[in-house]
Amino acid sequence: MMASALIERELERGRLPLRTGCFVAVVGPSGAGKDTLIGFAKDRLAAESDVHFVRRIITRPSNSEAESHDTLTLPEFEAAEKDGAFALSWRAHGLAYGLPATIDTHMENGMAVVANLSRSALPAARERYGNLIVVLVTADPHILAERLGRRARESSDEVLARMSRVSGDRQHLADAIEIANNGTAEEAGLALVEVIRKALARAAVSWTV
C-alpha cells in the first residue's frame, strides 16, 4: 500500500485528517458487484449535487466489461504518484490504483465522496478522512465463484485465492456496513443509496460544525 507523496507533509502541517465531508469507501471481494452497485447509486442520485462518485486511475486498459476508469502506464502512474496527483494510491493484484487528489476539494466543500477502495487502502483513508463510512459488499461463495468465472480475467488458482480471503473481510471490518449482493442489483443498490444518503447528512453536519 502506498499513499500520496504529499500525505506525510500534510499530516505534519496539521491539514489532515480532513474533518469536513464524508468519504464512503466501498470494499469487498472481486465478483461481489461493487462497481454495479456504485453505478446503480450514481444513476439514482444523479440529481444530488453534493455527491461525488470517484473515477479511479488504474494501470489496466479500460474495456466494456470492467469499471469505467482512467488508464496510465505504470511509469506514468509512478510519476503522477510522486508528484502528489493522488489522494490515495495502492497496489493490488499486480496493478496500481489511484484516486485523484481533487477529491479532497469535494471533501473540503462538505460533499459525500463515494469510491471503490481496496481493503489495504483503508488505513491511509482513515488517516486522511476523519469522517469515513466503510461499506462491505459481499455475496455468497457460489455466487462469487460464478461471477469470477464469467469474467475469465483470472486463472482458477487466482479465483480460489480470492475466495479464501472472503471470510477474513468480515472479521477485519467489524465497523463496516455490510450489503449482501445475492439478489437483484436493485435490492443491494438501494441499500447503498441509503448509506450514501446517511453520508450526505453526516457531511452536512460536518460542514456546519
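This one's a predicted model, so the numbers in the text were calculated from it and none came from an experiment. Every residue gets a number counted from 1 within its own chain, in the order that chain's sequence is written. The model is predicted, so local features are restricted to residues of pLDDT at least 70 and side-chain atom pairs to those at 80 or more, both for listing and for counting; the totals for chains, interfaces and linings are taken over all residues. With hydrogens and water stripped out, all remaining heavy atoms of the structure feed into the side-chain values.

Caption draft 1: Seen up close, the sheet that holds strand β2 (residues 22-27). Should DSSP find at least two bridges between two strands, the strands are regarded as paired. Numbering goes from the N terminus for both helices and strands, where a helix is a DSSP run of H or I of at least four residues and a strand is a run of E of at least two. Spatial strand order, β3-β8-β2-β9-β10: five strands in an open sheet with parallel pairing. The open sheet has two free edges, formed respectively by β3 (51-53) and β10 (177-180), since each of these has just one partner strand. Taken pair by pair, the neighbouring strands of this sheet meet at an average axis angle of 20°, ignoring direction. Here β3 pairs with strand β8 (residues 112-116) via three bridges, running parallel. Within β8, the residue paired with H52 across the bridge is V113. Two residues form a contact once any of their heavy atoms are found within 4.5 Å. Axis lines are fitted through C-alpha atoms, for helices just across the contact stretch, and the angle between N-to-C directions can take any value from 0 to 180 degrees. Docked against the sheet, helix α2 (residues 34-44) engages β2, β3, β8, β9 (132-138) and β10, running at close to 155° with respect to β8.

Caption draft 2: Structural detail: unusual backbone geometry. For H93, which is not a glycine, the phi torsion comes out positive at approximately 55°. Along the chain, H93 turns up in the loop between β6 (86-92) and β7 (95-100).

Caption draft 3: Representation of the nonpolar core within the structure. What we call a nonpolar core is a set of buried Ala, Val, Leu, Ile, Met, Phe, Trp, Tyr and Cys residues that are connected through their side-chain atoms within 4.5 Å. Accessible area is worked out with a 1.4 Å probe on protein chains only. A residue is then buried under 20% of its type maximum, exposed over 50%, and partly exposed in between. Counting residues in each nonpolar core, the largest one holds 29 residues, and the members touching the most others are F23, L88, W90, L99, I103, L117 and Y129. At the level of elements, β2, β6, β7, α4 (103-108), β8, α5 (122-128) and β9 are the ones that each hand at least two residues to this core. When residues of this core are assigned to their parent elements, the largest contribution, four residues, is made by β6. The contact partners of I103, leaving out residues within four places of it in the chain, are F23, H52, V54, A87, V113 and Y129.

Caption draft 4: Broad picture of the packing of aromatic side chains. Pairing of aromatic side chains here covers Phe, Tyr and the six-membered ring of Trp, requires ring centres within 6.5 Å, and sorts the geometry by plane angle: under 30 degrees stacked, over 60 edge-to-face, intermediate tilted. Tallying each qualifying case throughout the model produces three aromatic pairs. Note on F23 and Y129: the rings are 4.8 Å apart at their centroids and 5° apart in plane angle, and the pair reads as stacked. Highlighted residues: F23 in strand β2 and Y129 in the loop between α5 and β9, separated in sequence by 106 residues. Looking at F23, the relative accessible area reads 0%, which means it is buried. Judged by relative accessible area, which is 1%, Y129 ranks as buried. Ring centres of W90 and Y97 lie 5.6 Å apart, and the angle between their planes is 5°; on these two criteria the pair is classed as stacked. Classification of W90 by relative accessible area gives buried; the value is 1%. The class for Y97 is buried, based on a relative accessible area of 7%.

Caption draft 5: Local environment of the side chain of R56. Along the chain, the position of R56 falls in the loop between β3 and β4 (57-58). Within 3.5 Å is the distance limit for a polar contact, defined as a pair of N or O atoms, with the added protein rule that one can donate a hydrogen and the other accept it, and that residues adjacent in sequence qualify only through two side-chain atoms. At a separation of 3.0 Å, a polar atom in the side chain of R56 contacts the main-chain carbonyl oxygen of N116.

Caption draft 6: Focus on the pairing of β7. Burial of β7 is extensive: six of the six residues sit out of reach of the surface. Of the two faces of β7, the one lined by L95, Y97 and L99 and the one lined by A96, G98 and P100 are each fully buried. Of the pairings in the sheet, the one linking β4 to β7 comprises two bridges and is antiparallel in character. Note that in β7 the partner of I57 across the bridge is G98. With six bridges joining them, β6 and β7 adopt antiparallel strand pairing. Bridge pairing in β7 links W90 to Y97. Hairpin geometry of β6 and β7 is characterised by an intervening segment of two residues between the two adjacent antiparallel strands and by a positive phi of about 55° at H93.

Caption draft 7: Main features of helix α3 (residues 74-82). Listed as buried for α3 are F77, A80 and E81. Buried residues in α3, looked at end-on, bunch into an arc of 100°, giving them a common side. In α3, the exposed residues that point more than 90 degrees away from the buried face are P75 and K82. At the exit of α3 stands G84, carrying a positive phi of roughly 80°. Our arc is simply the arc of the directions from the helix axis toward the C-beta atoms.

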